[in-house]
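Structural overview
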Amino acid sequence: MKLISGYFNKEASLLEAVKSLRANNIKIKDVFSPYPVHGLDQAMGLRRSWLPRAAFIGGAFGAISGFLFQAWVFTRAYPIKIGGKPFLATPSFIPVTFEFAVLFAAFSIVFAYLLKSNLGVGANNKIYDERATDDRFVVVLDTSNVDEQEAEKIKSKFEETGAEGIKYEE
Amino acid sequence: MSDISTREELIQGNKDLKTITDDVFNPIVAKPNKFWFAGLLLAASAALIGVISIVLTVWKGIGIWGVNKTIGWGWGITNFVWWVGIGHAGTFISAILLLFRQKWRTSINRSAEAMTIFAVICAGLFPLIHMGRLLLGFFILPYPNTRDVWVNFNSPLLWDVFAITTYLLVSLVFWYVGLIPDLGTVRDRMKTKFKKAFYRLLSFGWTGSAKHWQRFEIVSFTLAGLAAPLVLSVHTIVSFDFATSVIPGWHTTIFPPYFVAGAIFSGFAMVLTLMIVARKTMNLQDYITINHIELMNKIIILTGSIVGIAYLTELFIAWYSGVEYELFAFVNRATGPYWWAYWIMMTCNVVSPQLFWFKKLRRSIWFTFLMSIVINVGMWFERFVIIVTSLHRDYLPSSWEMYKPTIIEVLIFVGTLGIFFTLFLLFVRFFPVIAMAEVKTTIKNK
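What counts and what doesn't
Residues numbered from 1 in each chain as written. Chains lettered and ligands numbered in written order. Predicted model: local features only at pLDDT ≥ 70, side-chain atom pairs only at ≥ 80, totals over all residues. Helix = DSSP H or I, 4+ residues; strand = E, 2+ residues; numbered from the N terminus. Rg over C-alpha atoms; globule rule 2.2 N^0.38 Å. Buried ≥ 20, exposed ≤ 12 C-beta atoms within 10 Å, placed from the backbone. Contact = placed C-beta atoms within 7 Å. Nonpolar A, V, L, I, M, F, W, Y, C, P; charged D, E, K, R; others polar. Pairing = 2+ DSSP bridges. Core = buried A, V, L, I, M, F, W, Y, C linked by C-beta atoms within 7 Å. Domains from an automatic or database assignment. Expected span 1.5 Å × (residues − 1). Axes fitted to C-alpha atoms, helices over the stretch in contact; angles between N-to-C directions. Parallel < 35°, antiparallel > 145°, perpendicular 65-115°, else oblique. Left-handed = near helix turned anticlockwise from the far one by under 90°. pLDDT = per-residue confidence, 0-100.

Describing the overall build of chain A
- Scanning chain A for helices and strands turns up five helices and four strands.
- Along chain A, from the amino end to the carboxyl end, the secondary structure elements read β-α-β-α-α-α-β-α-β.
- Taken over the C-alpha trace, chain A has a radius of gyration of 25 Å; the compact-globule value for 170 residues is 15 Å, which it surpasses by more than 25%.
- In chain A, which comprises 170 residues, the proportion classed as buried is 39%.
- In chain A, the proportion of contacts linking residues at least 24 apart, taken out of those at least 6 apart, comes to 78%.

Pasting the structure below:
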């Protein structure tokens, strides 16, 4: 795989570069930055994340299973009268149901995030440049299937938008 | 409060991205100074004393404590509620202030969340020790056991088990999700092979990719949305331990909001205690500025005033209800044998935070440090007053008793302080104390 990457030291020039590359229909492989850059996802045309749905599904599962579990324990498994309450003492079950919902929702979204992003113990993701976690913004493009002319164009776009360095990688 | 854009910069010293990285990274590789070693030695010794006292309690039984038939909950539950309360500030700062888009939280959220986790660990120890026999701890877990009888889902004590466990776990993942990018930064700066491998493991393979950041932000917001009601629910449920009983002085509907406000009040005080020391010893004055301290002091005035109003409302309702037991409980608190504890509580929690109305005092580091300790002493006494004074005068005068802790109870409390500070000192040594990726988003000349 042939890669070309542009290095920027300002958030504004990064955004400009990404916009100008996209305006020229050049496909960006990835962008690395030391912090979340606002507006970068729109500039790159990233789709909205569906992760909150994982939280909703997890939370709904937690709430329903949590409630049903308590109801099953007190009406089927071993019904006991406590404090004169009915076996199915719904208001008493609300706090635990709520905690189940929050716990499952939080863990669902976090696991979905880690799995989807391939993050986790022992994950060996390629680190393009160690400066990207410090103070540099790196735009990486895959040039395996582009001709000389196109590669030149990418280079000029980087230069126009104020890249402070360009790196080629085989 | 002025608009965020017209305020002065959140951090001082004209930092650029590189210097922020260096400022946070350097303490992790630098040799810690002698204050750190002295602190660790002191904290670890206290923790050891605590562990010995816990072992003694388990070995000999709860009889070596000062609790008796009338006052079944003494220091143990006082400390439990106190620690859980302290554990509320971290998630409040990172969840609720995130939802309100208070960017100043970025300098303190990391360490406040760490503090939360350590405080909740300390809190969780007390109910377990209080059972006397550790095997009873299994009885609070709902698992298909050979005894057939399940746990009692009608009991607030069981709700507590779920609330505290959920709170600990959710705070832990929230904290760690935020740590991953910063651990990646630390990994990329490490020079030695072993340390690099260590942080590679911890950083979960973070690269800083745009897609990851997009997901990171949405996950943080969702977790904040989940943690905000959670943090309110935890102390609400702790207050149910008291409020759902029929003991005069406990049987009050005002407890949930009053406990939550008190928790945030004491939590912020503990954050201030730790931050004032940390900024000085770790050279973080540019990040945790006097403005941060002032903003925290404003939250202290707000929550402290809510607590004060709650105390007065309790007194008013005790009189207005016309219930003689209620009235007796409150008059007895203020004038009975434990009057001194009540007045320490009133002075520390109601009177003293009002001094923060003066801007000069709000911006004085020494005064804030002093107040942060005064408030936590006051909040400890609040729990002591609620628990002990409500119990020591039972309905039957023949059951009336007094309670005094034994040395073992005191040492267990000292021990949890030791565990808390040991964990916190280890945290500041090995982890990035400032959420640097988040601070980087707040500076102007990026």
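Section: the overall build of chain B
- Across its full length, chain B holds 16 helices and zero strands.
- If you take every contact in chain B between residues at least 6 apart in sequence, the share linking residues at least 24 apart comes to 83%.

Thoughts on the interface of chain B and chain A
- Counting residues at the interface gives 49 residues for chain B and 56 residues for chain A.
- Contributing elements (two or more residues each) for the side of chain B that touches chain A: helix H1 (17-29), helix H6 (156-189), helix H8 (210-243) and helix H16 (436-442) of chain B.
- Counting residues per element, the side of chain B that touches chain A draws most heavily on H8(B), at 16 residues.
- Split by residue class, the side of chain B that touches chain A holds 25 nonpolar, 15 polar and nine charged.

Side note on the pairing of strand S3 (residues 137-142) of chain A
All names here are of chain A.
- Sheet analysis places strand S1 (residues 3-8) next to S3, joined by six bridges and oriented antiparallel. Bridged to Ile4 within S3 is Leu141.
- Bridge analysis of strand S2 (residues 30-32) against S3 gives three bridges, and the strand direction is antiparallel. Considered in S3, the bridge of Asp30 is made with Val140.

Some remarks on the nonpolar core
- Ranked by internal contacts, the top residues of the largest apolar core, which has 171 residues, are A:Ile109 and B:Val271.
- With 16 residues, helix H9 (residues 255-281) of chain B is the single largest residue contributor to this core.
- Split by domain, the residues of this core number at least three in each of domain 1 (3-34 + 135-169) and domain 2 (51-116) of chain A.
- Look past the residues within four positions of A:Ile109 in its chain and what remains in contact with it is A:Leu51, A:Pro52, A:Ala54, A:Ala55, A:Gly58, B:Val219, B:Thr222 and B:Leu223.

Digging into helix H10 (residues 290-321) of chain B
Residues and elements named next belong to chain B.
- Given a rise of 1.5 Å per residue, 32 residues ought to cover 46 Å, and the 46 Å separating the end C-alpha atoms of H10 matches this to within 8%.
- Along H10, the residues classified as buried are His292, Ile293, Met296, Asn297, Ile300, Thr303, Gly304, Val307, Ala310, Tyr311, Glu314 and Ala318.
- Packed against the buried residues of H10 are H9, helix H11 (324-335), helix H12 (339-351), helix H13 (359-362) and helix H14 (365-392).
- Of the residues one or two after H10, Gly322 is the one with positive phi, at around 75°.

Side note on H1(B)
Residues and elements named next belong to chain B.
- The terminal C-alpha atoms of H1, which comprises 13 residues, lie 19 Å apart, in line with the 18 Å expected from a rise of 1.5 Å per residue.
- Those residues of H1 not exposed but buried are Leu17, Ile20, Thr21, Asp23, Val24 and Pro27.
- If you follow the buried residues of H1, they end up packed against H6 and H16.

Thoughts on the packing of helix H3 (residues 75-86) of chain B against H8(B)
Residues and elements named next belong to chain B.
- Look at H3 against H8: their axes get within 10 Å of each other, and the N-to-C directions meet at 165°. One element, H3, and the other, H8, form an angle in the roughly antiparallel class. When the axes of H3 and H8 are compared, the crossing they make is left-handed. For the pair formed by H3 and H8, the contact residues are Val81, Val84 and Gly85 on the first element and Val234, His235 and Val238 on the second.
- Residue composition of the contact of H3 with H8, by class: four nonpolar, two polar and no charged.

Looking at the domain arrangement of chain A
- Each assigned domain of chain A is listed with its residue range as follows: domain 1 (3-34 + 135-169) and domain 2 (51-116).
- Between the C-alpha centres of domain 1 of chain A and domain 2 of chain A there is a distance of 48 Å.

Quick look at unusual backbone geometry
- Even without being glycine, A:Asn25 reaches a positive phi, approximately 55°.
- Looking at the element boundaries, A:Asn25 is found in the loop between helix H1 (11-23) and S2.
- A positive phi angle, near 55°, is found at B:Arg101, a position not held by glycine.
- Inspection of the secondary structure assignment puts B:Arg101 in the loop between helix H4 (89-99) and helix H5 (109-130).

Thoughts on the packing of H4(B) against H5(B)
Residue and element names in this part refer to chain B.
- As a packed pair, H4 and H5 sit with axes 7 Å apart at the nearest point and diverge in direction by 140°. One finds that H4 runs oblique with respect to H5. Two packed elements cross with a definite hand, and for H4 against H5 that hand is left-handed. Contacts between H4 and H5 involve Ala89, Gly90, Thr91, Ile93 and Ser94 from the first element and Asn109, Ala112, Glu113, Met115 and Thr116 from the second.

Notes on the sheet that holds S3(A)
All names here are of chain A.
- One open sheet holds the four strands; their spatial order is S2-S3-S1-S4, and the pairing between them is antiparallel. Of all strands in the sheet, those bounded by a partner on one side alone are S2 and strand S4 (165-169). Put simply, the sheet's adjacent strands are angled 20° from each other on average, direction ignored.
- Here H1 sits on the sheet and contacts S1, S2 and S3; the angle it forms with S3, its principal contact strand, is near 20°.
- Contacting S1, S3 and S4, helix H5 (residues 148-160) runs over the sheet at an angle of about 5° to S1.

A short note on the confidence of the model for chain B
All names here are of chain B.
- Per-residue confidence for chain B averages 90 on the pLDDT scale, and 98% of its residues sit at or above 70.
- In the predicted structure, residues 1-6 sits below a pLDDT of 50 and forms two contacts with residues beyond four places in sequence or in another chain.
- Overall fold confidence for the complex sits at a pTM of 0.92, while the interface term, ipTM, reaches 0.92.

Topic: the pairing of S1(A)
- Here S1(A) runs beside S4(A); their pairing, made up of five bridges, is antiparallel. Bridged to A:Ser5 within S4(A) is A:Lys167.

Some thoughts on the environment of B:Tyr167
Residue and element names in this part refer to chain B.
- Looking at the element boundaries, Tyr167 is found in helix H6.
- Through-space distance from the C-alpha of Tyr167 to that of Ile288 is 27 Å; in sequence the pair is 121 residues apart.
- Residues within four places of Tyr167 in sequence aside, it is in contact with Val120, Leu230 and Val234.

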